[in-house]
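Coordinate analysis (summary)
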Amino acid sequence: MNGTDFFTINNLTVVGTNATNALVVHLFNNADNNTFNNCTFTCTANSTGTLSSPFSISGTAISATATGPSGSNNIVNNCVLNSGYYGYSLSGPTAAPFPANNQIKGCTINDPYNYGVYSAYNTGLIVDSNIIQQPTRTSLTTFYGVFATTSTASIKITRNRIRNIFLSTPTNTSTSYGIYVSGSGGTLGNEVKIENNIIHNITNAGILYGIYVLAINHVHVYHNTVSIDHTTSTATGATRGIW
């Protein structure tokens, strides 16, 4: 969607059939104020290529994460996003003004490879009331449930359930991060808020961080539940609820 503004799309199903290149629904070039309700966007099962994402907003037509003019005020609501390297991906220009106020709410993100939600150079992002999980994926690597970096002011990561990660292969020794936030972030009055999330049933045998906050100021981490409950884990590395 090249510069597309003020569209509302309901009950649409789109399947990307190319296992390597599938930006199933992709917005770029200042595509603003679009809403997607009750849609299903699907990449090929177990896809691992970085050009594979059910939903993305970026600075070019051919990448899920390229920097450049992308889009603001776009809402993905009550949708299902299946597979892909990224489940939901946002990127913007490397200098202000940054895209703002994109939202993903009430969605189910199934079987992403590396990132459930990825955000860079976006402010005011709302990630709320989503389920992020890997119930059937068998091709696995380091996993981030929600990843936000660089210019993260006013981001809200709230009421999400991140669960059933590495479920098919509990002997996998890759690292798992439930929520990862880093880089230049909040300011007084524009805090990053990580609140009321539940992270549980993370079944990898590698390093595990429930919530990971790196080199960032003005972050509120309130009322989250991190359950490290893989009782048969063979992991010998670090395991941390909040770091």
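It should be noted that the structure appears before, not after, this text.
Moving on, we come to the environment of glutamate 195. For glutamate 195, the position within the fold is in strand β19 (residues 192–195). Sequence separation between glutamate 195 and isoleucine 157 is 38 residues, and the spatial gap between their C-alpha atoms is 6.5 Å. Setting aside anything within four residues of it in sequence, one finds glutamate 195 in contact with Ile157, Thr158, Arg159, His220, Tyr222 and Asn224.

Our focus in this paragraph is the packing of aromatic side chains. A complete count under the given rule lists 25 aromatic pairs for this structure. Judged by centre distance (6.1 Å) and plane angle (85 degrees), the rings of phenylalanine 36 and phenylalanine 41 are edge-to-face. Residue class for phenylalanine 36 comes out buried when judged on its relative accessible area of 1%. Seen from their ring centres, tyrosine 86 and tyrosine 115 are 5.4 Å apart, and the 15 degrees between their planes marks the pair as stacked. Here the residue tyrosine 86 occupies a position in strand β9 (residues 86–90), and tyrosine 115 occupies one in strand β12 (residues 115–120), the gap between them amounting to 29 residues. For tyrosine 86, a relative accessible area of 7% translates into the label buried. Among the aromatic residues, those joined into a cluster by ring pairs are Tyr85, Tyr86, Tyr113, Tyr115, Tyr118, Tyr144, Phe147, Tyr177, Tyr180, Tyr209, Tyr212 and Trp243.

Across the sheet, eight strands lie side by side as β1-β4-β7-β10-β13-β16-β19-β22; this open sheet has parallel pairing. With partners counted over all chains shown, the strands left at the sheet margins are β1 (8–10) and β22 (219–222), one partner each. Sheet twist, expressed as the mean angle between neighbouring strand axes with direction ignored, is 5 degrees. Bridge analysis of strand β16 (residues 156–158) against β19 gives three bridges, and the strand direction is parallel. Of the residues in β19, the one forming a bridge with threonine 158 is glutamate 195.

Moving on: the pairing of strand β6 (residues 51–58). Looking down a regular strand, the side chains alternate between one sheet face and the other. By the criterion of burial, β6 is predominantly enclosed, with seven of the eight residues buried. Sheet analysis places strand β3 (residues 21–28) next to β6, joined by seven bridges and oriented parallel. Residue leucine 23 lies in a different strand from β6, and its bridge partner there is serine 53. Sheet topology note: the β6/β9 ladder contains three bridges and is parallel. Bridge pairing in β9 links phenylalanine 55 to tyrosine 88.

Conventions used here
Residues numbered from 1 in each chain as written. Predicted model: local features only at pLDDT ≥ 70, side-chain atom pairs only at ≥ 80, totals over all residues. Heavy atoms only, no water. Helix = DSSP H or I, 4+ residues; strand = E, 2+ residues; numbered from the N terminus. Contact = heavy atoms within 4.5 Å. Phe/Tyr/Trp six-rings, centres within 6.5 Å; stacked < 30°, edge-to-face > 60°. Buried < 20%, exposed > 50% of the residue type's maximum accessible area, 1.4 Å probe, protein only. Pairing = 2+ DSSP bridges. Axes fitted to C-alpha atoms, helices over the stretch in contact; angles between N-to-C directions.

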